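What follows is the residue order along each chain.
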Amino acid sequence: MYAKYKTAEKKFWHPMSASAPANRAKTLIIARGDGNYITDIDGNRMLDGVGGLWNVNVGHNRPEVKAAIAAQLDELAYYQTFDGIAHPRVFDLAERLTSMFAQEKMARVLFNSGGSDAVETALKMARQYWIASGQPGRTRFLSLRNGYHGVHVGGTSVGGNGVYHYNHGQLLAGCHLLDTPWLYRNPWDCSDAEQLVEHCIRQLEDQIAFLGAGTIAAFIAEPVQGAGGVIVPPSAYWPRLSEVCDRHGILLIADEVVTGFGRSGCILGSRGWGVAPDILCLAKGISAGYIPLGATVFNQRIVDAIENAPGFANVIMHGYTYSGHPTACAAALAVLDIVEKEDLPGNAAKVGAHLIAGLKPLSEQFDVVGEVRGKGLMIALDLVADKRTRQPLDPASGQASRIAEAARAQGVLVRPVGNKIIISPPLTLTTGEADLIVDALSSALTTH
């Protein structure tokens, strides 16, 4: 059944990979998924420690989601939401999201197809908000080093890792990076959480003073940085950030593409820090990978300004062919039922704490593991060449990939990213399965 794929020439490129070497390399081909496990074409069954790509939060092959998709296909597979047209599911999902996030005073949704779309929408609509508010000079964006905000031009421009910039020429002007509140590595060599927050907030205030608050549209950040290395800020950072943004009138955009719907142990990563942003960027967990979907959600402040703006400033000149796709919305509604009924944010907090506690000793047992960090079920092993100086392991060494391959041989799939091992399993993970991850990585590190 699958034999032809073993020798088939690849007619596609792997995202985020060296083009020719990746196409020549041996390929792991996943054929089936069920619950928290996946099976490759050779019949090898593995615990999915990657969760697809941070997104299969409810696990694979859920009958409730498949039934919702099938029922929607029988009713209406697709219709658009332009030109005053809608369908029942887009009403249902928009109502569900604004109700879930009523605490943040969220009032309107623009749907799209994924996280990069959600960020691009947020950036454009932040600028429209200021035009509608009579301050068109507010066009700049602030963001954090190591941040990842997708791959569109806007999201790449506010992203804080140069590797995403190098091959694409001139990006969006007016994007300014600030240092990440990262205790393990920061330019102040600061290991005290309270002092680090002071350094970061002072830098933010200085940047606002230099640029002028009246030129800044928004600050965008992930509540916990994902692709940048699962960087968990000190608990005081987001409340302080929110206060500064409010004081200067700067919109706060929470990129919840990874953290939204429970991965960090709370329904929203920002809510877990006690903060209510102005704009939420959602994807991944909203439909758990069953059908591509993203959403950008706006609070009442933004709604009032845009809907009451004079002239053309109240027109929403943004959207996608698949905005509010009926089948995607149906899948999302079924996924959100599972998230709430099974309290997946609570399970992520509980099982994540158990998994982090099990992994922490690895940093004492193995010289290559500089730090184990995480929140909920987003976890990273930071690999180092020198533990004393915290010098990162050279990604070209291939050691992260060898460790991941050895873990796979133990029946657990984890993701090597540069000099880090990323763990982001479904939020349905059990404590027993968490122990399997610990055992597999311990064995892999022992041999590599």
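Up top you'll find the structure we're talking about.
Residues numbered from 1 in each chain as written. Predicted model: local features only at pLDDT ≥ 70, side-chain atom pairs only at ≥ 80, totals over all residues. Heavy atoms only, no water.

**Examining the overall build of the protein**
- Broken down by element type, the protein carries 16 helices and 16 strands.
- When the backbone C-alpha atoms are referred to their principal axes, the protein occupies close to 65 × 60 × 40 Å.
- Each of the 448 residues in the protein was classed as buried or not, and the buried ones make up 53%.
- Sequence separation of 24 or more characterises 71% of the internal contacts of the protein that already satisfy a separation of 6 or more.
- For the protein, the accessible area works out to roughly 19300 Å², and carbon and sulfur atoms hold 53% of it.
- Averaged over its 39 positive side-chain charges, the protein has a centre that lies 4 Å from the centre of its 43 negative ones. (Helix = DSSP H or I, 4+ residues; strand = E, 2+ residues; numbered from the N terminus. Buried < 20%, exposed > 50% of the residue type's maximum accessible area, 1.4 Å probe, protein only. Contact = heavy atoms within 4.5 Å. Areas by Shrake-Rupley, 256 points an atom, 1.4 Å probe, with all protein chains shown as cover. Lys, Arg positive; Asp, Glu negative; His and termini not counted. Charge placed at Lys NZ, Arg CZ, Asp CG, Glu CD.)

**Here's the deal with the packing of aromatic side chains**
- For the structure on display, the rule yields five aromatic pairs.
- A ring pair is formed by Tyr78 and Tyr322, whose centres lie 5.7 Å apart and whose planes are at 70°; its orientation type is edge-to-face. Of this pair, Tyr78 sits in the loop between α4 (63-75) and α5 (88-100) while Tyr322 is found in the loop between α11 (300-307) and α12 (326-341), placing the two residues 244 residues apart along the sequence.
- Connected via pairs of aromatic rings, a cluster forms that spans Tyr78, Tyr79 and Tyr322.
- The cationic tip of Arg138 hangs over the ring face of Trp130; the distance from NZ or CZ to the ring centre is 4.2 Å.
- In this structure, Lys375 is placed above the aromatic ring of Trp273, and the distance from its NZ or CZ to the ring centre is 4.8 Å. (Phe/Tyr/Trp six-rings, centres within 6.5 Å; stacked < 30°, edge-to-face > 60°. Lys NZ or Arg CZ within 6 Å of the ring centre and 35° of its normal.)

**So, helix α13 (residues 344-359)**
- Between its terminal C-alpha atoms α13 stretches 21 Å, which fits the 22 Å expected from 16 residues at 1.5 Å a residue.
- Of all the positions in α13, only Leu344, Pro345, Asn347, Ala348, Val351, Gly352, Leu355, Ile356 and Leu359 are classed as buried.
- Contacts from the buried residues of α13 go to α12, α14 (362-365), β11 (369-375), β12 (378-386), β16 (420-423) and α16 (431-447).
- Its side-chain oxygen 3.1 Å from the backbone nitrogen of Gly346, Asp343 forms the N-cap of α13. (Expected span 1.5 Å × (residues − 1). Polar contact = N/O pair within 3.5 Å; in protein donor to acceptor, adjacent residues only side chain to side chain.)

**Some details on the pattern of salt bridges**
- Evaluation of the coordinates by the stated rule reveals 18 salt bridges.
- A salt bridge links Asp337 to Arg96, with the shortest nitrogen-to-oxygen separation between them at 2.8 Å. Of this pair, Asp337 sits in helix α12 while Arg96 is found in helix α5, placing the two residues 241 residues apart along the sequence.
- Here Arg108 and Glu307 are joined by a salt bridge, their closest N and O atoms 2.8 Å apart. Placement of Arg108 in strand β4 (residues 106-112) and of Glu307 in helix α11 is noted, with a sequence separation of 199 residues between them.
- On the basis of relative accessible area, Arg108 is assigned to the partly exposed category, the value being 40%.
- In this structure, a network of salt bridges that share partners links the residues Arg185, Glu371, Arg373 and Asp382. (Salt bridge = Lys/Arg side-chain N within 4 Å of Asp/Glu carboxyl O.)

**Focus on the sheet that holds strand β3 (residues 45-48)**
- The strand order β1-β2-β3-β14 describes an open sheet built from four strands, whose pairing is mixed. The open sheet has two edge strands, β1 (30-34) and β14 (412-413), and neither has a second partner.
- Examined bridge by bridge, β3 and β14 share two bridges and lie parallel to one another. From the neighbouring strand, Asp48 faces β14, where its bridge partner is Leu413. (Pairing = 2+ DSSP bridges.)

**Examining the packing of helix α8 (residues 193-211) against helix α9 (residues 237-248)**
- Direction vectors running N to C along α8 and α9 enclose 20°, while the axes themselves pass 10 Å from each other. Judged by the inter-axis angle, α8 sits roughly parallel to α9. Between α8 and α9 lies a crossing whose hand is right-handed. For the pair formed by α8 and α9, the contact residues are Val197, Glu198, Cys200, Ile201, Leu204, Glu205 and Ile208 on the first element and Tyr237, Arg240, Leu241, Val244, Arg247 and His248 on the second.
- Among the residues making up the contact of α8 with α9, the classes are represented as eight nonpolar, one polar and four charged. (Axes fitted to C-alpha atoms, helices over the stretch in contact; angles between N-to-C directions. Parallel < 35°, antiparallel > 145°, perpendicular 65-115°, else oblique. Left-handed = near helix turned anticlockwise from the far one by under 90°. Nonpolar A, V, L, I, M, F, W, Y, C, P; charged D, E, K, R; others polar.)

**Here's the deal with the nonpolar core**
- By size, the foremost hydrophobic cluster in this structure holds 100 residues, and its most contacted members are Leu97, Phe101, Phe219, Leu355, Leu359, Leu381 and Leu441.
- Counting residues in hydrophobic clusters, the runner-up holds 27 residues, among them Leu123, Trp130, Ala132 and Ala218. (Core = buried A, V, L, I, M, F, W, Y, C linked by side-chain atoms within 4.5 Å.)

**Points about the pairing of strand β6 (residues 175-178)**
- Side chains His176 and Leu178 project from β6 onto a buried face, and the interleaved Cys175 and Leu177 project onto a face without burial.
- As defined by bridge partners, strand β5 (residues 140-144) adjoins β6 across four bridges and the pair is classed as parallel. Following the sheet pairing, Leu142 is matched in β6 by His176.
- You can see the chain leave β5, run along helix α7 (residues 153-158) and come back into β6, and the turn it takes is right-handed. (Right-handed = clockwise from strand over helix to strand, strands pointing away.)

**Considerations on the side chain of Asn347**
- For Asn347, the location among the structural elements is in helix α13.
- On the basis of relative accessibility, which here comes to 17%, the residue Asn347 falls in the buried class.
- Each residue touching Asn347, except ones within four places of it in the same chain, is listed here: Gly352, Leu427, Thr428 and Leu429.

**As for the sheet that holds β4**
- Pairing within the open sheet is mixed, and its seven strands lie in the order β4-β10-β9-β8-β7-β5-β6. Edge strands, defined here as strands with exactly one partner in the open sheet, are β4 and β6. Between one strand and the next, the sheet's axes are offset by a mean angle of 20°, whatever the strand orientation.
- Two elements, strand β7 (residues 216-221) and strand β8 (residues 251-255), share four bridges in a ladder whose sense is parallel. Bridging from a neighbouring strand, Ala218 pairs with Leu251 of β8.
- Contacting β5, β6 and β7, α8 crosses the sheet at an angle of about 155° to β6.

**With respect to the environment of Val56**
- For Val56, the location among the structural elements is in the loop between α3 (51-54) and α4.
- For Val56, a relative accessible area of 8% puts it in the buried group.
- Taking C-alpha positions, Val56 is 5.4 Å from Gly289, a pair spaced 233 residues apart along the chain.
- Once you skip the residues sitting within four places of it in the chain, Val56 turns out to touch Gly51, Ala288 and Pro426.

As far as function goes, none of this settles anything; it's purely spatial.
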